[in-house]
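# Structural characterization, general
Take a look at the letters that make up each chain.
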Amino acid sequence: MRGVFLFSAIFSILALVTITVFLFISGVPFIAKTGFAKFIFGSDWAPLADDPSYGIFPMIVASLYVTALSVLIGIGVGLFTAIALYKFCPKKLVAPIRQMINLLAGIPSVIFGLFGMTIIVPFVRDYVSPAGVGYGILSASLVLGIMILPTVVSVSFDSLNSVSNTYYEGALALGATKEQATFKIMLPAAKSGILAGVVLAIGRSIGETMAVIMVIGGSPEMPESLFQSVRTLTANIAMGALELNGDALSALIATGVVLFVFTLILNVSFSLLKKETGDKVADKKDRRGVKK
Amino acid sequence: MNDLVEGCRMEGEYRIGGVDIFDKETDVNVLRKNVGMVFQKPNPFPMSIYDNIAFAPRTFGITKKSVLDEIVEGSLRRASIWDEVKDRLRKNALGMSGGQQQRLCIARSLAASPKVLLMDEPTSALDPISTGKIEELMEELKKDLTIVIVTHNMQQATRIADKTAFFLLGELVEYGNTDDIFISPKDERTERYITGRFG
């Protein structure tokens with residue numbers, strides 16, 4: 001029996017190691033062959049041309065734009081939702097609203113993509129875009145912003161809730177309004193937890209593929225406007241994976257390496273932030289122990 | 001603050017300085033400014049000592065640093081904790097001892113220049129030395145403002161209070177000068193309570 005447990009434990013680590021090794025073994029030599037600068041900063045993606053060129057800079061920029069904008073949308077709405085749930089909405093509604101928001105997290109991303117294609121893209125095309133183009137960064141960011149809402153809301157709500165309520169009462173007793181108490185005392189006290197949620201949301205956003213492909217257009221062009229068909233790193237891999245082979249396929253794997261590095265950085269900063277929050281709580285407990 | 005307590009029940013009229021505090025017209029935030037509150041457990045905000053004290057004045061829109069500095073120093077002096085903390089105003093308030101934290105909370109209330117200070121068992125979580133310091137402080141403060149203190153410690157009540165009220169299960173049983181209440185209580189229940197033969 002012990003063998004089974006051990007194998008299960010090792011299996012996931014093995015999977016991680018295999019994926020990482022696969023990515024780097026197949027991707028890194030290709031980057032080296034093409035030239036690091038030419039691959040990362042090259043602006044021309046034409047893998048099927050007679051003289052193929054593999055520059056993914058437009059995709060990197062598009063990924064960063066979409067991620068930044070979606071996180072801005074998701075955090076703007078999500079943080080205020082969490083605050084509303086925390087102190088400004090009737091207690092009876094908190095549990096049902098939270099449950100519904102969590103349901104949002106369970107919807108498959110392809111459904112989000114469909115929703116984006118049929119509702120958001122036409123809306124952006126008809127009412128927002130000056131050029132009448134619906135597919136693009138804005139639509140993708142809106143869809144992604146909705147997708148990351150559950151993460152932002154639940155992490156922010158939990159960090160707000162874990163702040164001692166005595167701070168809140170103390171602030172009210174000093175003549176602060178509910179808003180002042182929440183924004184000046186509770187929010188700063190919950191800051192690191194919320195930040196960790198933000199990093200998690202960024203990770204989801206940069207890695208999302210399906211929903212993005214369906215609303216972003218897909219042309220590997222340098223993003224110049226919010227309403228222009230572009231392509232993210234994830235979209236690049238998914239769109240080419242089934243039809244490209246040889247060097248072009250290696251280029252996709254190399255794109256994966258870049259994406260992997262991005263998410264790795266995010267994950268590491270997430271665990272660092274989480275650790276810091278944990279330390280702080282432990283610290284507080286220690287001090288309480290000393291006091292008594 | 002009552003709104004935060006679930007199942008709270010109120011009867012009668014509540015007036016502070018002639019103002020009905022549950023009147024719709026009354027601005028609760030002004031009321032909370034005039035009535036400071038110190039809690040049973042010290043609850044300094046997780047920020048620097050300076051910011052703790054400056055919180056109330058900042059809330060009322062004071063931003064000028066010289067004015068804030070003055071309020072912070074004045075409040076800390078009035079709470080007789082200035083000498084202990086003046087060199088570490090920028091340090092986190094959670095690093096102080098329990099007694100210091102409680103005096104910091106009193107100073108923080110004073111920074112809002114209240115007319116009445118409510119203290120809900122302010123010393124029950126503290127050691128005797130810190131308790132002594134806080135009682136001294138209350139003696140000093142009661143010259144300028146009204147202090148309403150809830151305590152289960154009858155010696156404490158006789159030491160510091162001018163007037164005493166005895167509540168039992170939410171009912172006001174007896175109210176009068178501290179000396180009268182403790183030496184010749186009118187109500188039998190009061191007598192049983194102060195002589196420790198309750199229940």
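These remarks concern the structure in this document. (Residues numbered from 1 in each chain as written. Chains lettered and ligands numbered in written order. Predicted model: local features only at pLDDT ≥ 70, side-chain atom pairs only at ≥ 80, totals over all residues. Heavy atoms only, no water.)

Quick look at the overall build of chain A now. Helices and strands together make up the secondary structure of chain A, namely 12 helices and 2 strands. When the backbone C-alpha atoms are referred to their principal axes, chain A occupies close to 75 × 60 × 40 Å. Long-range pairs, those at least 24 residues apart, make up 71% of the contacts in chain A between residues at least 6 apart in sequence. Total accessible area on chain A is roughly 15000 Å²; 70% of this is exposed by carbon and sulfur atoms. (Helix = DSSP H or I, 4+ residues; strand = E, 2+ residues; numbered from the N terminus. Contact = heavy atoms within 4.5 Å. Areas by Shrake-Rupley, 256 points an atom, 1.4 Å probe, with all protein chains shown as cover.)

If you look at the interface, chain A gives 19 residues, while chain B gives 26 residues. Summed over both partners, the interface of chain A with chain B comes to about 2000 Å²; 70% of that surface belongs to carbon and sulfur atoms. The interface formed by chain A and chain B contains 0 salt bridges. Listed by contribution, the elements that provide at least two residues to the side of chain A that touches chain B are α7 (165-173), α8 (178-189) and α12 (247-291) of chain A. With 8 residues, α7(A) is the largest single contributor of residues to the side of chain A that touches chain B. When grouped by side-chain class, the residues that make up the side of chain A that touches chain B number 9 nonpolar, 5 polar and 5 charged. (Buried area = accessible area lost by both parts, 1.4 Å probe. Salt bridge = Lys/Arg side-chain N within 4 Å of Asp/Glu carboxyl O. Nonpolar A, V, L, I, M, F, W, Y, C, P; charged D, E, K, R; others polar.)

Turning next to the pairing of strand β4 (residues 116-120) of chain B. All names here are of chain B. Looking at chain direction, strand β3 (residues 35-38) and β4 are connected through 4 bridges and run parallel. The residue of β4 that forms the bridge with Gly36 is Leu117. In this structure, β4 lies alongside strand β5 (residues 146-150), joined through 5 bridges in parallel fashion. Residue pairing in the sheet places Leu117 in a bridge with Ile147 of β5. Remark: the β4/helix α6 (residues 128-141)/β5 crossover connection has right-handed handedness. (Pairing = 2+ DSSP bridges. Right-handed = clockwise from strand over helix to strand, strands pointing away.)

The subject of this paragraph is the packing of aromatic side chains. In this structure the tally under the stated criterion is 10 aromatic pairs over all chains. Ring plane angle 50 degrees and centroid distance 5.8 Å describe the contact between Phe7(A) and Phe11(A), whose orientation is recorded as tilted. Of this pair, Phe7(A) and Phe11(A) both sit in helix α1 (residues 2-34), 4 residues apart, roughly one helical turn. A relative accessible area of 54% means that Phe7(A) is categorised as exposed. Ring plane angle 65 degrees and centroid distance 5.1 Å describe the contact between Phe45(B) and Phe55(B), whose orientation is recorded as edge-to-face. Linking Phe45(B) in the loop between β3 and α2 (49-59) with Phe55(B) in helix α2, this pair joins segments that are 10 residues apart in sequence. Given a relative accessible area of 5%, Phe55(B) falls into the buried group. (Phe/Tyr/Trp six-rings, centres within 6.5 Å; stacked < 30°, edge-to-face > 60°. Buried < 20%, exposed > 50% of the residue type's maximum accessible area, 1.4 Å probe, protein only.)

All names here are of chain A. Taking 1.5 Å per residue, 20 residues should reach 28 Å; helix α5 (residues 109-128) reaches only 24 Å between its end C-alpha atoms and comes up short. Maximal helix bending in α5 amounts to about 40 degrees, located at Gly116. Of the positions making up α5, those classed as buried are Phe112, Gly113, Gly116, Ile120, Val121, Pro122 and Val124. Where α5 is buried, its residues contact α4 (91-106), α6 (137-162) and α10 (210-216). (Expected span 1.5 Å × (residues − 1). Bend = angle between axes of the 7 residues up to and from the residue.)

Before going further, it helps to spend a moment on the sheet that holds β3(B). Residue and element names in this part refer to chain B. On the basis of which strands lie adjacent, the open sheet formed by 3 strands has the order β3-β4-β5 and parallel pairing. The open sheet is flanked by β3 and β5, the only strands paired with a single partner. Across the sheet, the mean angle separating the axes of adjacent strands is 15 degrees when strand polarity is ignored. (Axes fitted to C-alpha atoms, helices over the stretch in contact; angles between N-to-C directions.)

All names here are of chain A. Note on placement: Val61 falls in helix α3 (residues 57-88). The spacing of Val61 and Glu221 is 160 residues in sequence and 9.9 Å in space, taken between C-alpha atoms. Look past the residues within four positions of Val61 in its chain and what remains in contact with it is Met222 and Pro223.

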